[in-house]
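Architecture and fold: a report
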Amino acid sequence: MADGARALLGSRGGSPASSPQLGGRSRSQPPPAPLSAPGHGFRRVTLTKPTFCHCCTDFIWGLAGYQCEVCNFMSHEKCLKHVKIPCSCIASSLVRIPVAHCFGPPGHYKRKFCTVCRKQLESLAFRCEVCELHVHTDCLPFACSDCRQCHQDGHQDHDTYHHHWREGNLSSSARCEVCKKTCGSSEVLSGMRCEWCGILAHASCYIIVPPECTFGRLRNMILPPNCVRLVSRNFSKMHCFRISESLQTEPDEDEDVDGLTQGSVKDAQISTDSSKQTLKIFDGNDAVKRNQFRLISVPRIAKSEEVVEAALRAYYVNDDQQHYELQTFSQQTLFSDDIINRNDATEETNPGPVFREAVPEAWIIRAKSKDHEVIRIYPGWLKVGMAYLSLRIDKESTTQTVIKEVLPQLGRQTECLQNFKLLEVLMGSKQVQRMVLDDQEVILSRLKDIRKTSIRQMNQTRFYIVENNKSVVRVNLFVGGLPPQLSAEEYTNILKDDLAIKTNLLSLSHVYSVQGAVVLEMSCFSEAERIYMLAKDTTVNDKQLTAAVIPEVLHTKLPQNCCPLLVFVNPKSGGLKGRDLLYSFRKLLNPHQVFELTNGGPLPGFHTFSQVPYFRVLVCGGDGTVGWVLGALEEIRHMLVCSEPSVAILPLGTGNDLGRVLRWGAGYSGEDPYSILISVDEADDVLMDRWTILLDAQEAVESAENGILEPEPPKIVQMNNYCGLGIDAELSLGFHHAREEEPGKFNSRFHNKGVYVKVGLQRISHTRNLHKDIKLQVDQHEVELPSIEGLIFINIPSWGSGADLWGSDHDNRFEKPRIDDGLLEVVGVTGVVHMGQVQGGLRSGIRIAQGSYFRVTLLKPIPVQVDGEPWIQPPGQIIISVAGPKVHMLKKSKQKQKKTGSLKETRTDSVSITEVGH
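Residues numbered from 1 in each chain as written. Predicted model: local features only at pLDDT ≥ 70, side-chain atom pairs only at ≥ 80, totals over all residues. Heavy atoms only, no water.

1. As for the overall build of the protein
In terms of regular secondary structure, the protein is built from 19 helices and 47 strands. Looking at the 918 residues of the protein, the share that counts as buried comes to 55%. Considering only residue pairs separated by 6 or more positions, the protein has 70% of its internal contacts joining residues 24 or more positions apart. Summing over all exposed atoms, the protein offers an accessible surface of approximately 40,300 Å²; the carbon and sulfur share of this is 49%. (Helix = DSSP H or I, 4+ residues; strand = E, 2+ residues; numbered from the N terminus. Buried < 20%, exposed > 50% of the residue type's maximum accessible area, 1.4 Å probe, protein only. Contact = heavy atoms within 4.5 Å. Areas by Shrake-Rupley, 256 points an atom, 1.4 Å probe, with all protein chains shown as cover.)

Here it is in structure tokens:
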């Protein structure tokens, strides 16, 4: 488990407790930072604006405070000895298991702080879609790869998970689990939070919290990371978590969102002070090639060691400045006793060579060559912890000699050298890159090459010794949008023609012919990546293909009482609130159990959970979205081990009638997503009828093959809420046409209802004699219709955004309606005015019949709508009957959430800390 870059140093065997002072300034400085201030280089500063301590969060009174010259950590003098948070310059060395972040598009995030420089995010910034990391665009390259480990990928997999601590960005009301005092702040980056269980603590308190994480209050709903396997070498984190790239805003080529150019201007704050000069600093050849630099501000007369020191700070490098030097682009080196002087003046008291020409504005910081060095070797088979061995190497040390020296220290001296390999790991914030070193690779030369490329990258590079096991490559790729009702052989031929698949590298592991989708199991990473990218740009029969990387759920490892929640979110519903919910649920749960419906629909999610013995479903969307998911569930039910999962609803649509009936509310209005998950966990299981509607039109259509008129084949649709004929469907059709003309305007429930009213007013004077245009038969008996304009079949006691169309009056002719009684209620309305009175609670509809089998004969084309989806139905027969087994729905419990104290305490496991002690 990646324990975060902000982990406690004292609990890490062999980790440095403090860094050397960066440079040897002659001006007044405080004593060296105490051992409890890991990696920081504090200096006394004069405060010019209100400032808060990052350690105790209290206001710093007076004009003086202590600030870290690298990460801007601000502290009282009295708090220096209590600082536990490590500096950003050593953050990467404290990561347990490197896991790259999943950054979304840059945006503006109010009242958030950058994890790297600790400053408030006032400009464009990035946030991780999986964890709570926020970072400036220019700080992004310096963020370490300490994201949550959400699946096993073959590298240091384990079953025991420790808390994954993340510092700061807590609410000001957050309270510490240990001392029960406030640990959050809206003024500074402070306080710690486990990103799995949600436990909160002070930076000085979290060290006594038991290290093992049990995932908190949501433990039974979370898909445990050790039960998910996904080997995704060539796929980005966005692809792995199926995060829609359509939401990403790609910057222009001249926009440097990796930000070494733009952000450094902010950091340097180019001064107009004549005694200061601003220099461009590149950290290696890669930065020169990309023209990515940092700006530093130094005195016009400054020793080169001071400039080197400032340059190292700018790149968050925790090392002695004596090991580095500055070079111009012409490779002319500054010696340690040179004086930089923009005015071509030198100090008489400091003899030595100087530049006679003007000092260049741009410099490259280089590492001095060494004849020997001490490197860290991490054993790759350790499941928990990050113990390492320190090994001295010289010019003769190769990969093979390093392995030979390391194995005896690990107690494996009897094993063959060929059974092991040395892995170079670059822990970038966006991607963790692994490379196997050749047996004859000279390690010292390799280090020199890395530093020449980038000093920063050297700071993020590790070496692992791993067992040389041949791992089986298996990548599962879901491909949808194919023609339905074909055989596996026919799908293979289509993929050969359109995607040029190589059958020797893949196989069709699952075929969903009804939905027109297949799951490809591949044994080659590059082939999987090629097909994934090609499928997104391929159409078959004028239909766009969809592709998604599917994780493998290790169902045999699931805990006995685990009932993971499968979450479907429609990001287009609810005034785009779906996007925020996607982000929230990915953070609260395992991202592998959250699926975006615009990327392949519900099928990828159900396929992922097909072997899970027991799970629940949460659908975030309108009634149409709920019907979509329930329809997909009905089609794939026979292929699921859990064939009847219970379904909860988070209503995001306009009417949300089913959500109202099941007590989930009239619509989502920004409630805490955590509270919603608790409500789902405590919800009651109820049954609901679903209905099949057979549409058998008598109208002939022209055959595409021979041009001969043939009867239109019957169509089958599923109904959950209601089916309307006549004026009700006519209004829905008008709304549907208005939305198709200007879809961008339909992003709020208020606007949508306004359009409904407008369409209704336009048809208020229309008269239709619907009872003359249709015939109704209920349970084999003819029913005489009154004079009506609309006929509605209702399955739930909510219609048209919460109206009770059937009414509550007792009637001996009919049974009391229930959603699981196997009966539909038939109601008539006389027009738009009558419908308005029903929605206003002034009247109810005209009760006509109640039954389980209905046949409607249309004598002319009639508007029809089923669960809000309208169309014009030609003359013919409509048959409505009960569909298959009843579906299991989750009804929100009337009981209030179980009281376990504050919301903070509800998120935790009531961790016992008194037994651990300080």
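2. Notes on the environment of D623
When you line up the elements, D623 lands in helix α12 (residues 623–636). The class of D623 is buried, set by a relative accessible area of 13%. Residues D623 and G868, spaced 245 residues apart in sequence, show a C-alpha to C-alpha distance of 7.9 Å. Apart from residues lying up to four places away in sequence, D623 is in contact with G655, N656, D657, L658, G659 and N721. Polar contacts involving the side chain of D623 include one to the main-chain amide nitrogen of L658, which spans 3.5 Å. A distance of 3.2 Å separates the side chain of D623 from the side chain of N721, its partner in a polar contact. (Polar contact = N/O pair within 3.5 Å; in protein donor to acceptor, adjacent residues only side chain to side chain.)

3. Re α12
With 14 residues, α12 should reach 20 Å at 1.5 Å per residue; the first-to-last C-alpha distance of 20 Å fits that figure. For α12, the set of buried residues is D623, T625, V626, V629, L630, G631, A632, L633 and I636. (Expected span 1.5 Å × (residues − 1).)

4. Description of the sheet that holds strand β41 (residues 824–829)
If you walk across this open sheet you meet the six strands as β42-β41-β40-β37-β44-β45, and the pairing is antiparallel. Where the open sheet ends on each side, the last strands, each with one partner, are β42 (846–851) and β45 (869–873). Each adjacent strand pair in this sheet contributes to an overall mean axis angle of 20 degrees, direction not counted. When β41 meets β42, the two strands line up antiparallel, connected through five bridges. Bridge pairing in β42 links L824 to G851. (Pairing = 2+ DSSP bridges. Axes fitted to C-alpha atoms, helices over the stretch in contact; angles between N-to-C directions.)

5. Focus on the pairing of strand β30 (residues 616–621)
Summarising burial for β30: six of the six residues are buried, a large majority. Residues of β30 alternate between two faces, with R616, L618 and C620 on one and V617, V619 and G621 on the opposite face, all of them buried. The sheet contact formed by strand β28 (residues 565–569) and β30 spans five bridges and is parallel. Bridged to V569 within β30 is C620. As a crossover connection, the stretch from β30 through α12 into strand β31 (residues 646–651) is right-handed. (Right-handed = clockwise from strand over helix to strand, strands pointing away.)

6. Digging into the confidence of the model for the protein
Mean pLDDT over the protein stands at 81; residues scoring 70 or higher make up 80%. Ignoring residues within four places in sequence, the model shows residues 331–358, a span with pLDDT below 50, making 58 contacts including any to other chains. (pLDDT = per-residue confidence, 0-100.)

7. Regarding the sheet that holds strand β20 (residues 461–467)
With respect to topology, five strands assemble into an open sheet ordered β17-β16-β20-β18-β19, the strand pairing being mixed. Unpaired on one side and paired on the other, β17 (389–394) and β19 (432–436) mark the two borders of the sheet. Across the sheet, the mean angle from the axis of one strand to that of its neighbour is 35 degrees, orientation sign disregarded. Strand contacts of helix α6 (residues 443–453): β16 (372–379), β17, β18 (420–427), β19 and β20, with the helix running at about 90 degrees to β16, the strand carrying the most contacts.

8. Side note on the environment of G653
If you trace the backbone, G653 turns up in the loop between β31 and α13 (657–661). For the pair formed by G653 and N570, sequence separation is 83 residues and the distance between their alpha carbons is 9.8 Å.

9. Observations regarding the side chain of R847
Relative to the elements of secondary structure, R847 occurs in strand β42. R847 sits in the buried class, given a relative accessible area of 16%. Engagement of the side chain of R847 in a polar contact is seen with the backbone oxygen of G807, the distance being 3.2 Å. Among the polar contacts made by the side chain of R847, one reaches the main-chain carbonyl oxygen of D809 at a distance of 2.9 Å. Sequence-distant contacts of R847, defined by excluding residues within four places in its chain, comprise W806, G807, S808, D809, H810, D811, R813, F814 and V826.

10. Overview of the packing of aromatic side chains
Evaluation of the coordinates by the stated rule reveals 17 aromatic pairs. Here the aromatic rings of F59 and W61 are separated by 4.7 Å at their centres, their planes lie at 70 degrees, and the arrangement is edge-to-face. Residue classification places F59 among the partly exposed residues on the basis of a relative accessible area of 26%. By relative accessible area, W61 is classed as exposed at 71%. (Phe/Tyr/Trp six-rings, centres within 6.5 Å; stacked < 30°, edge-to-face > 60°.)

11. Quick word on the nonpolar core
In this structure, F585, F606 and L618 are the most contacted members of the largest nonpolar core, which totals 144 residues. In this structure F585 touches V567, V569, V594, L618, C620, L650, P673 and L677, once residues within four positions along its chain are discounted. Formed by 26 residues, the second largest nonpolar core is a distinct cluster that contains I774, L824, V856 and V864. (Core = buried A, V, L, I, M, F, W, Y, C linked by side-chain atoms within 4.5 Å.)

12. Re the pattern of salt bridges
Taken as a whole and judged by the stated rule, the model has 27 salt bridges. The partner of R217 in a salt bridge is E682, with the nearest N and O atoms 3.3 Å apart. Remark: E682 occurs in the loop between α14 (673–681) and β32 (684–688) and R217 occurs in the loop between β8 (200–201) and β9 (228–229); sequence separation between them is 465 residues. When its relative accessible area of 17% is taken as the criterion, E682 is described as buried. We note a salt bridge from R229 to E552, for which the minimum N-O separation is 3.2 Å. Within this pair, whereas R229 is found in strand β9, its partner E552 is found in strand β27 (residues 552–553), the two being separated by 323 residues in sequence. Residue classification places R229 among the partly exposed residues on the basis of a relative accessible area of 33%. What makes E552 partly exposed here is its relative accessible area of 22%. (Salt bridge = Lys/Arg side-chain N within 4 Å of Asp/Glu carboxyl O.)

13. Details of helix α8 (residues 488–499)
The end-to-end C-alpha separation of α8 is 16 Å, in line with the 16 Å expected for 12 residues at 1.5 Å each. All buried positions along α8 are accounted for by Y491, T492, I494, L495 and L499. Summarising the axial view, the buried residues of α8 lie within an arc of 160 degrees, below the 170-degree limit, and thus occupy one face. Residues of α8 that are exposed and point more than 90 degrees away from the buried face comprise E489 and D497. Looking at the buried side of α8, the elements it contacts are β22 (506–512), β23 (517–522), α9 (525–535) and β24 (539–540). Following α8 by one or two positions, A500 adopts a phi angle in the positive range, close to 50 degrees. (Arc of directions from axis to C-beta.)

14. Remarks on the packing of helix α10 (residues 577–588) against α14
Contact geometry for α10 and α14: axes closest at 10 Å, N-to-C directions at 65 degrees. Taken as axis vectors, α10 and α14 run roughly perpendicular relative to one another. Where α10 crosses over α14, the two elements pack in a sense that is right-handed. Seen from α10, the contacting residues are L581, S584, F585 and L588; seen from α14, they are P673, Y674 and L677. Residues of the contact of α10 with α14, tallied by class, amount to six nonpolar, one polar and no charged. (Parallel < 35°, antiparallel > 145°, perpendicular 65-115°, else oblique. Left-handed = near helix turned anticlockwise from the far one by under 90°. Nonpolar A, V, L, I, M, F, W, Y, C, P; charged D, E, K, R; others polar.)

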